[in-house]
Number of protein chains: 2
Amino acid sequence: MSIKDVVALSGGVGGAKLALGLSRVVPSGSLTVIANTGDDFEHLGLSICPDIDTLTYALAGLDNPTLGWGRRDETWSFMESVKALGGEDWFRLGDRDLAVHVERTRRLRSGETLSQITTDFAAKLGIGARILPMSDDRVRTRVLSDGGWIDFQDYFVRQQCRPVVRALSFDGAPESRPAPGVMQALQTAGTIVICPSNPFISIEPILAVPGIRDAIRASGAPVVAVSPIIGGKAVKGPTAKMMAELGMEATALGVAQRYGNMISGYVVEHEDAASVAGIAARVTAAKTLMLSLEDRETLARVVLEAADALRR
Amino acid sequence: MSIKDVVALSGGVGGAKLALGLSRVVPSGSLTVIANTGDDFEHLGLSICPDIDTLTYALAGLDNPTLGWGRRDETWSFMESVKALGGEDWFRLGDRDLAVHVERTRRLRSGETLSQITTDFAAKLGIGARILPMSDDRVRTRVLSDGGWIDFQDYFVRQQCRPVVRALSFDGAPESRPAPGVMQALQTAGTIVICPSNPFISIEPILAVPGIRDAIRASGAPVVAVSPIIGGKAVKGPTAKMMAELGMEATALGVAQRYGNMISGYVVEHEDAASVAGIAARVTAAKTLMLSLEDRETLARVVLEAADALRR
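Residues numbered from 1 in each chain as written. Chains lettered and ligands numbered in written order. Predicted model: local features only at pLDDT ≥ 70, side-chain atom pairs only at ≥ 80, totals over all residues.

(A) Highlighting the relation of the copies chain B and chain A. Each copy of the sequence occupies a distinct position, and chain B is placed on chain A by a rotation of 180° and an axial shift of 0.0 Å, giving an RMSD of 0.0 Å. Viewed as a symmetry operation, the transformation between the two copies matches a two-fold axis. By C-alpha distance to the rotation axis, the residue of chain B lying nearest is Asp95 of chain B, at 3.0 Å. A symmetric contact is evident, with 100% of the interface residues of chain B recurring at the interface of chain A. (Least-squares fit on C-alpha atoms with pLDDT ≥ 70 in both. Contact = placed C-beta atoms within 7 Å.)

Here is the structure:
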C-alpha cells in the first residue's frame, strides 16, 4: 500500500474544493474521485449530472467563482430563450454548461456509458485526475417531506431546500453496480478521503451502491473524512438543516457519528476539535474552510498527512 | 373565394423574406405559411427544423440580419464548449437558437406533434400568421452526388453545396401525410403563393407530400410563384448551380418550366420579364430582390395584386 493512490468520495461544491486541492498535491494519475450521481436528473430532455459536472469544472479550472456552481465566463442566452418559449426555467442551465448536457445525452442515447463519457470529457478538458461516477446505473435520491416523496432537484433547486426532510431514499441503488474502476480503485487505494460533502445526499448515495461500503471497510487504507460542518453550520447547502430535521445533532460530532467506524481519521475545524475528542477516529484540527486555492491545497496536505499518521 | 386567405409555400431564407412581407400586408390571421421540412435533421441528439425556424424567427422579428440565418443577438458559448468536448461543430447552433431545438426535441419525445409545437412556439413569440410544417411525418431530402447518396445537411452545410447534384430524393414523402390544417388551408385559399425559394429542395419536398400538389391544382385559387433566380443567378444558395447540374437552364424561365401549369401567375425581376414572356402563366415584372423591409412588403403587395388580376 502506498499513499500514491488516493481515492476521494465527493458530492458537488464543497467536495470539489478539496478534490481540486488533492489534484494539485497528489501525483498526476494517482487521484480517483468517485462522484455522487444520486442528484442526477433528466430535465428539458437532457441528462444532467450536477456533481460530476461540478467536479469536472473545478478540476479543469472552468468553475464559476462568482456563482459557486456552473461554468466560468458563462452566458445565459439559452435560458432566456427557453423561457420565452414557455419552457421550464427553474433549473438554470448556462450556455457553456449546456454543451456538456447535450453531448452527454447524445452519447448516452448512442449507447456509451456515463463513466466512458465522464472519462472522455475529463481528458478533453485536460484533467489529470480520474473522475468516476459511483455507478453507470440509474440511482435517484428522493426526499420524503410532509407532502410526500419528491425528486431531489425539486427539493434542492425548485423548492430551495425549504421542505422539511423526513427521510431520504436512493431509488435504484439496491440494483445498481459500481461503475467500472470503482471497486478496483477502492481495493488498491493507499488513502481514502471522504470529502466535506453532505453525508446524507452526497456521500451516502455512493455508499448505497452495493459493494462500495464493504470495499472501503475492507481496503485496509486509512479513511479520512473532512467535516462539512463548522461550528454547527454547513459552509453551504442544507446539511445542518437536514441533520436537525432527521433528528441528529447538526455538528461535526453528528457527522462523525453518522460515518461511525467506517472512518479512521477525521479532520475538523479547530473550534470543533474538542467536541469530537471522544470519537474512535483519530482527529486532526485544521482550517477546513476553503476560501482560496491555497486553502484547498493546504487542506489536501493536512488530509494526506492525517492518513500518513494513521499508517504509522 | 376571397383574397383574404393567403397560403404561401416556403423554404428558408428567401421564402421567409416574402412570408414576412405577406404577414405585414395580409390581415392578421389570414396568412398560412406551409414550411418545407425536408431539410430537417437530427444533430447532437436534437430535432432541427431549419426552414420552420427561419420562418419563425423572420415572422417574430428575431432573425439575424447580419448572418441571414439564425437568431438576432445570438451568442455562441454552447458551440465553443461543444467543440472543446470533441463534439461536432460543422452545423452552427447559437445559444438562443438552441432553446428552440431543445424544447422541440423534448416535446416531440413526449408525444406532441411537430405542427402542435410549431404553432405553440409561434404563439409564444407573438406571430399572427400560421406556420405549418408540410407534414408531421418524417420526410428527408437526400442528394445523389458522384460519391453516392448523402443527407441534405451534409451536402448543404458540411460540404457547402460543393458536390455536384445528380438527383434528389425525398425519403419518406410517399408515406407522409399533410400536417393537420394543410389540406384545408389549400382547399379554402383565396391566393396561393410559391415563395422565391429553391424549387428543388424547398418547394418540391412540399409538393411531394401526397395530396398537396393535387390540392393546389384543384383549389381554383390563383397560384403565383416568385422566381428565386434573377438574371441567371440565385439571390442566395445553390439554386442556379443545382439547376445547371440537373440539366436545366438556370434562369427564371427554367424555374417557370419546372413549375409548369401548376402556376397561373409568375413574378420576375424586370430584367427577366422578356425571357419568360412565352409561358402560360401571367407574368408580372417587379423588383423581386428584397433588401429592405419595405422591399418585402412591396413585393408582397405585387404578388397579391397579381393574384387579384388573375381573378378578374
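That was the structure; now back to the text.
(B) Spotlight on the sheet that holds strand β14 (residues 282-286) of chain B. Residues and elements named next belong to chain B. Strand order across the open sheet formed by seven strands is β5-β2-β1-β9-β10-β13-β14, with parallel pairing between neighbours. One side of each edge strand has no neighbouring strand; the edge strands of this open sheet are β5 (130-133) and β14. Strand-to-strand, the axes of this sheet are offset by a mean angle of 20°, without reference to chain direction. Sheet analysis places strand β1 (residues 6-10) next to strand β9 (residues 191-194), joined by four bridges and oriented parallel. Its bridge partner lying in β9, Val6 is registered against Thr191. Of the strands in this sheet, β1, β2 (31-35) and β5 touch helix α2 (residues 50-60), which is tilted by about 175° from β5. (Pairing = 2+ DSSP bridges. Helix = DSSP H or I, 4+ residues; strand = E, 2+ residues; numbered from the N terminus. Axes fitted to C-alpha atoms, helices over the stretch in contact; angles between N-to-C directions.)

(C) Local environment of the interface of chain B and chain A. Contact with chain B, which involves 24 residues of that partner, is made by 24 residues of chain A. Every element with two or more residues in the side of chain B that touches chain A is listed here: α3 (77-84), α4 (95-109) and α5 (114-124) of chain B. Among the elements that make up the side of chain B that touches chain A, the one with the highest residue count is α4 of chain B (ten residues). Of the residues assigned to the side of chain B that touches chain A, the class counts are eleven nonpolar, seven polar and six charged. (Nonpolar A, V, L, I, M, F, W, Y, C, P; charged D, E, K, R; others polar.)

(D) Spotlight on the environment of Leu125 of chain A. Within the element layout of this structure, Leu125 of chain A appears in the loop between α5 (114-124) and β5 (130-133). Here Leu125 of chain A falls in the partly exposed class, since 18 other C-beta atoms lie within 10 Å of it. Sequence separation between Leu125 of chain A and Leu59 of chain A is 66 residues; the distance between their C-alpha atoms is 9.0 Å. What Leu125 of chain A contacts, discounting residues up to four positions off in sequence, is Thr56, Ala60 and Leu62 of chain A together with Ala84 of chain B. (Buried ≥ 20, exposed ≤ 12 C-beta atoms within 10 Å, placed from the backbone.)

(E) Region of interest: the packing of helix α1 (residues 13-25) of chain B against α2 of chain B. Residues and elements named next belong to chain B. Packing of α1 against α2 brings their axes to within 9 Å, and their N-to-C directions diverge by 35°. In terms of crossing hand, the pair formed by α1 and α2 is right-handed. Each of Val13, Ala16, Lys17, Ala19, Leu20 and Ser23 in α1 lies in contact with α2, whose residues at this interface are Thr54, Leu55, Ala58 and Leu59. Split by residue class, the contact of α1 with α2 holds seven nonpolar, two polar and one charged. (Left-handed = near helix turned anticlockwise from the far one by under 90°.)

(F) Representation of unusual backbone geometry. Residues and elements named next belong to chain A. Despite not being glycine, Gln160 shows a phi value in the positive range, around 45°. Topologically, Gln160 is positioned in the loop between α6 (152-158) and β8 (167-171). What makes Gln160 exposed here is the crowd of 10 C-beta atoms within 10 Å.

(G) Broad picture of the packing of α1 of chain B against helix α12 (residues 293-311) of chain B. Residues and elements named next belong to chain B. Between α1 and α12, the least distance of the axes is 7 Å, while the angle of their chain directions is 75°. Judged by the inter-axis angle, α1 sits roughly perpendicular to α12. Each of Lys17, Leu18, Leu20, Gly21, Leu22, Arg24 and Val25 in α1 lies in contact with α12, whose residues at this interface are Arg296, Glu297, Leu299, Ala300, Arg301 and Leu304. Tallied by class, the residues present in the contact of α1 with α12 amount to seven nonpolar, one polar and five charged. (Parallel < 35°, antiparallel > 145°, perpendicular 65-115°, else oblique.)

(H) Region of interest: the confidence of the model for chain A. In this model, chain A carries an average pLDDT of 95, and 99% of its residues clear a pLDDT of 70 or more. For this predicted complex, the interface confidence comes out at an ipTM of 0.91, alongside a pTM of 0.93. (pLDDT = per-residue confidence, 0-100.)

(I) How the structure looks around the sheet that holds strand β2 (residues 31-35) of chain A. Residues and elements named next belong to chain A. The seven strands are arranged β5-β2-β1-β9-β10-β13-β14 in an open sheet whose pairing can be described as parallel. Strands at the two margins of the open sheet, each flanked by one partner only, are β5 and β14 (282-286). With strand direction ignored, the average angle separating the axes of adjacent strands in the sheet is 20°. Here five bridges tie strand β1 (residues 6-10) to β2, and the two strands are oriented parallel to one another. Bridge pairing in β2 places Ser10 opposite Ala35. The strands touched by helix α1 (residues 13-25) within the sheet are β1, β2, β9 (191-194) and β10 (223-226), with β1 carrying the most contacts at an inclination of about 165°.

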